[in-house]
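Descriptive analysis of the structure
Chain by chain, the residues:
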Amino acid sequence: MSGVQTITVSPADADQRLDRWLRRLFPAVTQGRIEKMCRKGDLRVDGGRVKANTRLLVGQQVRVPPMPEKSDDRPVVQVQRVSDADAEMIQNCVIFRDDHIIALNKPPGLPVQGGSKLTRHVDGLADALRFGSEEKPRLVHRLDKDTSGVLIMARTRAVAADLTTAFRHRATRKIYWAAVAGVPTPQMGTIRYGLVKAPGHGAKGEAEKMICVHPREIDATPGAKAATTDYAVLAPLGRRAAWVALVPITGRTHQLRAHMAELGHPIIGDGKYGGSGQENLGDGWGAQLGGEVSRKLHLHARSLTLKHPVTGAVLQLTAPLPDHMKRTWDYLEWLPGDVPADPFEEDL
């Protein structure tokens, strides 16, 4: 039997039923046992009694009583001390902080959450972001491991709930910067390909990839979901590459990367969607430029605009480019000050 655990609901687990979520973590537990734990009050969410069909929200704290376990099936929930070096690193990522919200400029290569073989991640470093608060900040949305930029965390349960709702109902505006192969035509447009998940190659579905589906085929494709991305070319480099701004109207997994690759203009450094296996090769190259340009992914969450859940003020948060993208911008003589903060503003 495991001991009593408190598990934080991650963005990936949001809107799941409590019983299904628990059975995924503890395959040995029965539905009857879950319902009994709910009736007795042994299984609680944010300290309150719940039913087995309760839908979970990001950031909620689930108290899990001792559970039956299998050798490798139960989650490993550990409290680890954040090293001084990691504490300094994650604190240096803070670009905004008040009593309710913390905004980070997440570095590329740092996962937002733990997972298969991922032990160092933003959620695991959150204790270093308390800044005197009794609670550690909670994740309310995600960025891919190799994507850098603005990442919001909530400092209380109430703010986490409000921000999660804002992201879910698209009451925020996110603008990404990317360097892509070739120059999209027209230079401003909207991509409406749906996305469906292809099976991963690992034993537990690792290396999953999203496949684009023509808008006419979305309804007829099992598992496909609608996805919409606005794009604008900010600066072309002849016909070889372009600096683009991207706005995800929907928030699907790998949406920006899959959409740009489908256009034949993969994001520079994207081996998953822009490699030799890419179906639409555009002008004939993959997602590398060579020379002084880094092979890392060139995708950055440049800005996030949202209404503050407590003060009501409009927050406009901007994250400087990571080092590898700054070197590329310097090498290509692309100047951040030469482009509008929101190239789509006239269309709003």
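What counts, and at which threshold
Residues numbered from 1 in each chain as written. Predicted model: local features only at pLDDT ≥ 70, side-chain atom pairs only at ≥ 80, totals over all residues. Heavy atoms only, no water. Helix = DSSP H or I, 4+ residues; strand = E, 2+ residues; numbered from the N terminus. Buried < 20%, exposed > 50% of the residue type's maximum accessible area, 1.4 Å probe, protein only. Contact = heavy atoms within 4.5 Å. Areas by Shrake-Rupley, 256 points an atom, 1.4 Å probe, with all protein chains shown as cover. UniProt positions renumbered as here; feature names shortened; annotations may be inferred. pLDDT = per-residue confidence, 0-100. Core = buried A, V, L, I, M, F, W, Y, C linked by side-chain atoms within 4.5 Å. Domains from an automatic or database assignment. Arc of directions from axis to C-beta.

Regarding the overall build of the chain
Of the regular secondary structure elements, the chain holds seven helices and 16 strands. The 348 residues of the chain split such that 47% are buried. A separation threshold of at least 6 residues defines the contact pool for the chain, and within that pool the share at least 24 residues apart is 65%. Looking at the chain as shown, the accessible area adds up to about 17700 Å², and 47% of this sits on carbon and sulfur atoms.

A look at the UniProt feature "active site" (unreviewed entry) in the chain
The positions UniProt marks with the feature "active site" (unreviewed entry) are Asp144. Tracing the chain through its elements places Asp144 in the loop between β7 (138-139) and β8 (148-154). A relative accessible area of 26% means that Asp144 is categorised as partly exposed. Apart from residues lying up to four places away in sequence, Asp144 is in contact with Lys106, His254 and Arg257.

A few points about the confidence of the model for the chain
Should the pLDDT be low somewhere, the predicted coordinates at that spot are not to be read in detail. With 87% of its residues at a pLDDT of at least 70, the chain reaches an overall mean of 86. Averaged pLDDT values for the elements of the chain fall to 84 in helix α1 (residues 18-25) and rise to 98 in strand β6 (residues 101-106). Low pLDDT, under 50, characterises residues 71-79; the predicted model gives this stretch 13 contacts beyond four residues in sequence or across chains. Considering only residues more than four positions removed or in separate chains, one finds that residues 278-284, a stretch of pLDDT under 50, has 16 contacts.

A short note on the nonpolar core
The biggest cluster of nonpolar side chains holds 33 residues, and the ones touching the most others in it are Leu104, Leu246 and Leu299. Broken down by secondary-structure element, the contributors of at least two residues to this core are α3 (84-92), β6, β8, β9 (173-181), β13 (229-237), β14 (241-248), α5 (255-262) and β15 (299-307). Each of domain 2 (84-169) and domain 3 (175-332) contributes no fewer than three residues to this core.

Quick word on α1
The α-helix advances 3.6 residues per turn, and as a result positions three or four apart in sequence lie on the same side. Among the residues of α1, those classed as buried are Leu18, Asp19, Trp21, Leu22 and Leu25. Buried residues of α1, viewed axially, fall in a sector of 160 degrees; they line one side. On its buried face, α1 is in contact with β1 (5-8), α2 (31-40) and β4 (61-64).

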